[in-house]
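This is what each chain is made of:
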Amino acid sequence: MFIVVLRFGANKAKAPKFMDAHNAWIARGFDDGVFLLVGGLQPQQGGVFLAQATDRPTLEAFIRQDPFVKHGIVEMDVLEVAPGRVDARLDFLKAA
């Protein structure tokens, strides 16, 4: 399992221009089963993703397809997590 943090960078002002394409990329992430959760990093600092992937290089390649990443609007930080103890509602994460 991975936690992906996308923090706004120097080109944050360009975000509105690429928002539709960014949202389409997010939708594809859910359709492809990569994303489990997506949310805004508050206050307006970027976004956070809970993701599943076969491996880190595959996930990072997918993230680099995000228009926000391609155009330097955000900078990515990928954290790999090995779930140890989870609430029963999230037991499926133990197998990820």
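Here the structure is shown first, and the text comes after it.
Residues numbered from 1 in each chain as written. Predicted model: local features only at pLDDT ≥ 70, side-chain atom pairs only at ≥ 80, totals over all residues. Heavy atoms only, no water.

1. Side note on the environment of Gly 40
So, point 1. Looking at the secondary structure, you find Gly 40 in strand S2 (residues 35-41).
So, point 2. The sequence separation of Gly 40 and Ala 53 amounts to 13 residues, and the corresponding C-alpha distance is 21 Å.
So, point 3. In this structure Gly 40 touches Gly 46 and Gly 47, once residues within four positions along its chain are discounted. (Helix = DSSP H or I, 4+ residues; strand = E, 2+ residues; numbered from the N terminus. Contact = heavy atoms within 4.5 Å.)

2. Considerations on the packing of aromatic side chains
So, point 1. Evaluated as defined, the whole model comprises six aromatic pairs.
So, point 2. The interplanar angle of 40° and the centroid separation of 4.8 Å between the aromatic rings of Phe 35 and Phe 49 together place this pair among those described as tilted. Taken as a pair, Phe 35 in strand S2 and Phe 49 in strand S3 (residues 46-51) lie far apart in primary sequence, 14 residues in all. Here the two residues Phe 35 and Phe 49 agree in accessibility, since each one is buried.
So, point 3. Consider the rings of Phe 35 and Phe 62, whose centres lie 5.7 Å apart with planes at 65°: the pair is edge-to-face. Of the two residues, Phe 35 is situated in strand S2 and Phe 62 in helix H2 (residues 56-63); the sequence distance between them amounts to 27 residues. (Phe/Tyr/Trp six-rings, centres within 6.5 Å; stacked < 30°, edge-to-face > 60°. Buried < 20%, exposed > 50% of the residue type's maximum accessible area, 1.4 Å probe, protein only.)

3. Description of helix H1 (residues 15-31)
So, point 1. The end-to-end C-alpha separation of H1 is 23 Å, in line with the 24 Å expected for 17 residues at 1.5 Å each.
So, point 2. Buried within H1 we find Ala 15, Phe 18, His 22, Trp 25, Ile 26 and Gly 29.
So, point 3. Its buried side turned inward, H1 meets strand S1 (2-8), S2, S3, H2 and helix H3 (67-70).
So, point 4. The first or second residue beyond H1 is Gly 33, which carries a positive phi of 80°. (Expected span 1.5 Å × (residues − 1).)

4. Topic: H2
So, point 1. Those residues of H2 not exposed but buried are Leu 59, Glu 60, Phe 62 and Ile 63. For H2, the arc enclosing every buried residue in end-on projection is 160°, short of the 170-degree limit, so these residues lie on one face.
So, point 2. Looking at the buried residues of H2, the elements they touch are S1, H1, S2, S3, H3 and strand S4 (74-80). (Arc of directions from axis to C-beta.)

5. Details of the sheet that holds S3
So, point 1. Pairing within the open sheet is antiparallel, and its four strands lie in the order S2-S3-S1-S4. With one partner strand each, in any of the chains shown, S2 and S4 form the two edges of the open sheet. Taken over all neighbouring pairs, the strand axes of this sheet differ in orientation by 15° on average, direction set aside.
So, point 2. When S1 meets S4, the two strands line up antiparallel, connected through seven bridges. In the strand pairing of S4, Ile 3 is matched with Leu 79.
So, point 3. Here H1 sits on the sheet and contacts S1, S2 and S3; the angle it forms with S2, its principal contact strand, is near 155°.
So, point 4. Of the strands in this sheet, S1, S2, S3 and S4 are in contact with H2, which crosses S4 at around 160°. (Pairing = 2+ DSSP bridges. Axes fitted to C-alpha atoms, helices over the stretch in contact; angles between N-to-C directions.)

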